Structures are given as structure tokens and as C-alpha cells.
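Notes for the structure review
Next come the chains, spelled out residue by residue.
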Amino acid sequence: MRVAVAGCCHGELDKIYETLALAERRGPGPIDLLLCCGDFQAVRNEADLRCMAVPPKYRHMQTFYRYYSGEKKAPVLTIFIGGNHEASNHLQELPYGGWVAPNIYYLGLAGVVKYRGVRIGGISGIFKSHDYRKGHFECPPYNAATIRSIYHVRNIEVYKLKQEIEAQSISALLIIAQVGVELTCFGKVPVVTLTHHLGAKDKGQSAKATKFLALDKCLPHRDFLQVIEIEHDPSAPDYLEYDTEWLAILRATDDLINVTERLWNMPENNGLHTRWDYSATKEAMNEVLEKLNHDLKIPSNFSVTAPCYDPSKPQTQMQLVHRISPQTTEFCARLGITDINVRLQKAKEKHQLCDDYEGQDDVESNDSGEDPSEYNTDTSALSSINPDEIILDEEEEYEDSIVSAHSDMNTPSVDPSSDQALDFSASFSDVRILPSSMILSSDDTSGSPIGKEGKPGEPVELEDGKDLTSVPLKRLSDEREPEQRKKIKRRNQAIYAAVDDDDIA
């Protein structure tokens, strides 16, 4: 089977398919399959352009919209993964994979399919350590941070692929992925991966991949496409099929899906989890076959979910919408799993409901006669981004400037759906001020004007009849009682200067 592998497409489908036609005329036969290894840019309209994490000068419509609208059709079955320059809102509609246009299939966040007996797996995005252990919490409209974190690989996707690869029944699996994604777990299988720079080929081979192919961008005089020969099963069908092992793994790991920013690790054999092996069993695969009525053919159920670009009627103010794809809805219903986007929308609605309750409480508290203007609401000093920080690059280095302070903390393995999942989102304002109980002395409390009812001048009476002012308090250490409270000197004093000034005032 002749398989063409392309590097960064950048929406240049017309040029790629023209190059394939030229390769077929010069080669021994037709091309059976095209694999695109990232930066596919499935841009349907102007709203999709705004969801690409690139400077405005690089936001071009290119030619994908013609295939999306039906004006053109891909002459070769095309399978692709997502990179770091994508219409992320479009690909987010298909977390488990699906058709973005007739004859063009997206593998999803991570996915495995079969074509002519060959297993083809892929994982979308690039690796960034500070987002690796987070859940898939992003949804449009994106902000300056989420428009980039949306394409960062998460540990759940690598974990699922490892279950597939480590299965005893898997003898070979063709993996396509962006360079930078941790591929050490794929060392026993054929790997096709991509780098933007051909000089990084040797670096990629250090990932213990048995086969490594580095390709460039779709530009003149660049090595952006190569045709390889892959052994296949001549008796296997010439259409895309689901992989039963992969579907069984998706069903088994459905409860592990996390849609929050919490950092967490995958289950492992460390004594903390009742289950850590989610590889496909024969029983699980039989259940999948029964659910699909023993029909593994991927249905050709592409549908238009957003308006298509019209060059004669540009719409620069098109609204961004978090959409649910009918393809994903059908797939999840057949398999018995939950769409990640449905979970996201429910979490978003729950968060909005909590905000509404808090707003109602604020109104009620204001009715009590308190003036909210008396409280300091300036949180600029607590920002996790230093406004004086120098941005080194418009693309990748910016991501490192928004890394949260807790990204390198050792996070325990917990189930994200449980109440025990840790939340490290506490701000510095919650931890930098010592509790008042740690600096109280008997002098501080003698003659306290606050009584048990909160009325001035009334001492608090204890159960034995003594009031609080007559009982000496025990100190928390053996240090001598200071004449006055010691002022704690904090690091980065200048950062908190605005807060300190407010406190003194």
C-alpha cells in the first residue's frame, strides 16, 4: 500500500493534492492514503481564523473551506492529527475523531483506526509540561491563555494510547504525532512523526522510535511530502474501520475524563488505585462488537456544523459558538460514553449558576447597609502574569510566561470525578498572611471590646463562669513575648506594595 505522508499542511490542500497527482504520474501507481502530521488548519470561516494561535498576519483562509462546502472533494482518503496552528474550535467538536469534510478524517485528541488491515494511531497537539496533567477545560470563546493551552497534549490521551500499544495482541501500530510529544512509550512500534525543522531528525530518533520521518512545511523547494510503502492485508476492506481495542479502551477510561484545570496523574500500580490496567480485554471487545452490531465501518456521516466562508460576503464579526457535533453525539451514543463537550457545557452551566447565587448573596449583603466601596477590590498585584515580563516570541515562548506557580508541584494520583481531587488554585493572598491565632497574646485580648453577641464592651463568658479576659492565653512557642508584633518580611516585596499600602490605609 502506497501511503503519502505530509508535514505541516497549513490549509494548502490544493497544493498537496496537486503534488500527489504529480507523484502518481511519476511513480509506480496511485496513492492509497494521505497522512497529514499536524497544522492541518481546517478553517471553515472567519470565526475559525480567530481561534488559531498565530499572529494576525498569518491568518489566511487558504483552501480547506472549498472541501468543507462540497465545492471540491479530496481525491485521496486523508487522515490527519491536530498541531499547534489549528482552528481549535472546529477540531474541538470532534474529540473522538470524525469527518471534517468528505474523505478527510480527523483522528481526534487521540485515536486509532484501521485501513486495509493497518492500524493507524495518532495524538494531536504539542507537549507542554505545565498543562500535561490538566483536564480538557478549554472551550470557545478562548482567551489569550486557552487559545494556546487547547492544543497541549494531556496525560489522559497518552495513557489511553499506551493501553492500546501495550496490549499483547498489538504487533504493529503506525503512529503519527508532532515532535515534542513524549514518544518513549511508543518505542516498540513503527512511528511516523513530524518536526518543523529537518535538523531535528536525530533528536526525534532518540525517542526510540523504530521508524522516524521528519518533514517540512508545504512550501516551494521544501521536503514536505514523502511516499512510503507499507505492508497491508489484501483481503481487508478499502474503507476506514473502527479499532475494537481502541473503542474498548475509550469505554473503560470514560470515567477518567477530566474537564477541570486540576492537576492529576493517571492511575498506576502504586497501591492507591483499585484499577490501573485499562487495556482491552476479550470481554470488553465483544461488548463493543455487540454495541456496533458487528459493523466496524466508520459511517460517512459528515455534516456541516458552521457557515462556510463566502469570498463575496466576508463576515469579520462572526460569533464564536461552542458547538456539539452530530457525529460525536452519534458516536458516543453507540459506544455508551459521554461527549467531552457535553461535560464541559454542564460544568460551565454549573459554574454560571454558582456565580448567580454569589451575585444574589452580594445584593443581599449590600442591603444590610455596608458600603462595598470600603473594601479593596484591586487584585492587580496578585496577577500570575508579570506585566514587566519580556515576551520573547509571538508563538511558543509566550506560553511559558503564563505557567502557573503550581505547575511543578508533585500532584498525587486521584480520580478527577471524586471529591478528593486537589485544587491548587489558591492565590498567594490566602497563604501569605498568618492566622491571627498565631500572634495573639494576653495583652492583645485583655479588655476586648467584643462580646459573645458581638456587642461592644461585653466580655465573653466561658462555661465555668469565667470571662475570656480573665483567662491567660497559652503561647504557641517558647519565645519571649515581643513588645510589639513583628512585621513579616516577604520576598518580592515590590509586587505586594499596592496591597500593603491599602492595608496600612
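As the structure is a computational prediction, the values presented were derived from the model and not from experiment.

The rules we used
- Residues numbered from 1 in each chain as written.
- Predicted model: local features only at pLDDT ≥ 70, side-chain atom pairs only at ≥ 80, totals over all residues.
- Heavy atoms only, no water.
- Helix = DSSP H or I, 4+ residues; strand = E, 2+ residues; numbered from the N terminus.
- Expected span 1.5 Å × (residues − 1).
- Buried < 20%, exposed > 50% of the residue type's maximum accessible area, 1.4 Å probe, protein only.
- Arc of directions from axis to C-beta.
- Contact = heavy atoms within 4.5 Å.
- Salt bridge = Lys/Arg side-chain N within 4 Å of Asp/Glu carboxyl O.
- Axes fitted to C-alpha atoms, helices over the stretch in contact; angles between N-to-C directions.
- Parallel < 35°, antiparallel > 145°, perpendicular 65-115°, else oblique.
- Nonpolar A, V, L, I, M, F, W, Y, C, P; charged D, E, K, R; others polar.
- Pairing = 2+ DSSP bridges.
- Core = buried A, V, L, I, M, F, W, Y, C linked by side-chain atoms within 4.5 Å.
- Left-handed = near helix turned anticlockwise from the far one by under 90°.
- Polar contact = N/O pair within 3.5 Å; in protein donor to acceptor, adjacent residues only side chain to side chain.
- Phe/Tyr/Trp six-rings, centres within 6.5 Å; stacked < 30°, edge-to-face > 60°.
- Lys NZ or Arg CZ within 6 Å of the ring centre and 35° of its normal.
- Disulfide = S-S within 2.5 Å.

**Details of helix α1 (residues 13-26)**
- In a regular helix each residue adds 1.5 Å, so 14 residues correspond to 20 Å; α1 covers 20 Å between its end C-alpha atoms and thus fits that length.
- Taken as a whole, α1 has its buried residues at Leu13, Asp14, Ile16, Tyr17 and Leu20. Buried residues of α1 fall within an arc of 165 degrees about the axis and therefore sit on the same side. Along α1, the residues that are exposed and aim more than 90 degrees away from the buried face are Glu18, Arg25 and Arg26.
- Tucked into the core, α1 has its buried residues touching β1 (2-6), β2 (33-36), α3 (64-69), β3 (78-80), β5 (104-106) and β10 (225-229).

**Quick word on the pattern of salt bridges**
- Counted under the stated rule, the structure contains 15 salt bridges.
- Between Lys72 and Asp14 there is a salt bridge, and its shortest N-O distance comes to 3.1 Å. Taken together, the residues span a long stretch of sequence, with Lys72 in the loop between α3 and β3 and Asp14 in helix α1 at a distance of 58 residues.
- Asp14 gets classed as buried once you look at its relative accessible area, which sits at 13%.
- The salt bridge involving Asp48 is made with Arg44; its shortest N-O contact spans 2.7 Å.
- The class of Asp48 is buried, set by a relative accessible area of 1%.
- Residue classification places Arg44 among the buried positions, given a relative accessible area of 0%.

**Thoughts on the environment of Met1**
- Within the secondary structure, Met1 is located in the segment before β1.
- Judged by its relative accessible area of 9%, Met1 is buried.
- When the C-alpha atoms of Met1 and Ile230 are compared, they prove to be 5.3 Å apart, with 229 residues separating the residues in sequence.
- Discounting residues that sit within four places of it in the chain, Met1 has contacts with Asp32, Tyr115, Arg116, Val118, Ile228, Glu229, Ile230 and His232.

**Some thoughts on the packing of helix α9 (residues 244-252) against helix α10 (residues 282-291)**
- Where α9 meets α10, the axes come as close as 9 Å, and the angle between the chain directions of the two elements is 100 degrees. For the element pair α9 / α10, the angle class is roughly perpendicular. Packed against α9, whose contacting residues are Thr244, Glu245, Leu247, Ala248 and Arg251, the element α10 presents Ala284, Met285, Glu287, Val288, Leu289 and Lys291 at the interface.
- Among the residues making up the contact of α9 with α10, the classes are represented as six nonpolar, one polar and four charged.

**Regarding the pairing of strand β8 (residues 174-178)**
- When you tally the buried positions in β8, you get five out of five residues, the bulk of the element.
- Here strand β7 (residues 118-123) runs beside β8; their pairing, made up of four bridges, is parallel. Residue pairing across strands places Gly122 opposite Ile176, the latter belonging to β8.

**Considerations on the nonpolar core**
- Of all hydrophobic cores here, the largest spans 58 residues; its most connected members are Ile120, Leu240, Leu247 and Phe331.
- Element by element, the count of residues in this core is highest for α9, at five residues.
- Beyond its immediate sequence surroundings of up to four residues, Phe331 is in contact with Tyr96, Tyr242, Leu247, Leu250 and Ile337.
- In this structure, Ala4, Ile16, Tyr17 and Leu94 belong to the second largest nonpolar core, which totals 26 residues.

**Section: the packing of helix α7 (residues 155-165) against α9**
- Relative to each other, α7 and α9 sit at 135 degrees, their axes nearing to 10 Å. Taken together, the axes of α7 and α9 lie oblique to each other. Every pair of crossing elements has a handedness; the one defined by α7 and α9 is right-handed. Packed against α7, whose contacting residues are Lys160, Leu161, Gln163 and Glu164, the element α9 presents Glu245, Trp246, Ile249 and Leu250 at the interface.

**So, helix α11 (residues 326-335)**
- When we look at burial in α11, the residues that qualify are Gln327, Thr328, Phe331, Cys332 and Leu335. In an axial view of α11, the angular spread of the buried residues amounts to 125 degrees, which keeps them on one side of the axis.
- Packed against the buried residues of α11 are β4 (98-101), β11 (240-242), α9 and α10.
- Taking the backbone nitrogen of Gln327 as reference, a side-chain oxygen 3.2 Å away marks Ser325 as the first, capping residue of α11.

**Quick notes on the pairing of β7**
- Counting buried positions along β7 yields six of six residues, so the element is predominantly enclosed.
- Neither face of β7 is exposed, since Val118, Ile120 and Gly122 on one face and Arg119, Gly121 and Ile123 on the opposite face are all buried.
- The hairpin turn running from strand β6 (residues 110-115) into β7, its antiparallel successor, is two residues long, and Arg116 in that turn takes a positive phi close to 55 degrees.

**A short note on the packing of aromatic side chains**
- According to the stated counting rule, one finds 12 aromatic pairs in the structure shown.
- Ring geometry for Tyr68 against Phe302: centres 5.7 Å apart, planes inclined by 80 degrees, an arrangement best described as edge-to-face. Of this pair, Tyr68 sits in helix α3 while Phe302 sits in the loop between α10 and α11, and the two are 234 residues apart along the sequence.
- Chaining the aromatic ring pairs together yields one cluster made of Phe40, Phe64, Tyr68, Phe80, Tyr106 and Phe302.
- Its guanidinium or amino end placed over the ring of Tyr239, Lys297 lies 4.9 Å from that ring's centre, counting from NZ or CZ.

**Describing the sheet that holds β2**
- The sheet built from six strands is open, its strands ordered β4-β5-β3-β2-β1-β10 with mixed pairing. Both edges of this open sheet fall to β4 and β10, since each of them pairs with a single strand only. Strand after strand, the sheet turns through a mean of 30 degrees between neighbouring axes, direction not considered.

**Let's talk about the state of the cysteines**
- Under the counting rule described, the total for this entry stands at zero disulfides.
- Just so you know, Cys8 is unpaired, no disulfide at all, and the nearest cysteine sulfur is the one on Cys9, 7.7 Å from it.
- Cysteine Cys37 remains unbridged, with the sulfur of Cys36 as its closest cysteine sulfur at 7.3 Å.

**Remarks on unusual backbone geometry**
- Across the junction of Pro140 and Pro141, the peptide omega takes the value 0 degrees, indicating a cis bond.
- Mapped onto the secondary structure, Pro141 falls in the loop between α5 (129-132) and α6 (146-149).
- Look at His10: it is not a glycine, yet its phi comes out positive at around 55 degrees.
- Along the chain, His10 falls in the loop between β1 and α1.
- Located in the positive-phi region is Asp39, a residue other than glycine, with phi close to 50 degrees.
- Relative to the helices and strands, Asp39 is located in the loop between β2 and α2 (46-49).

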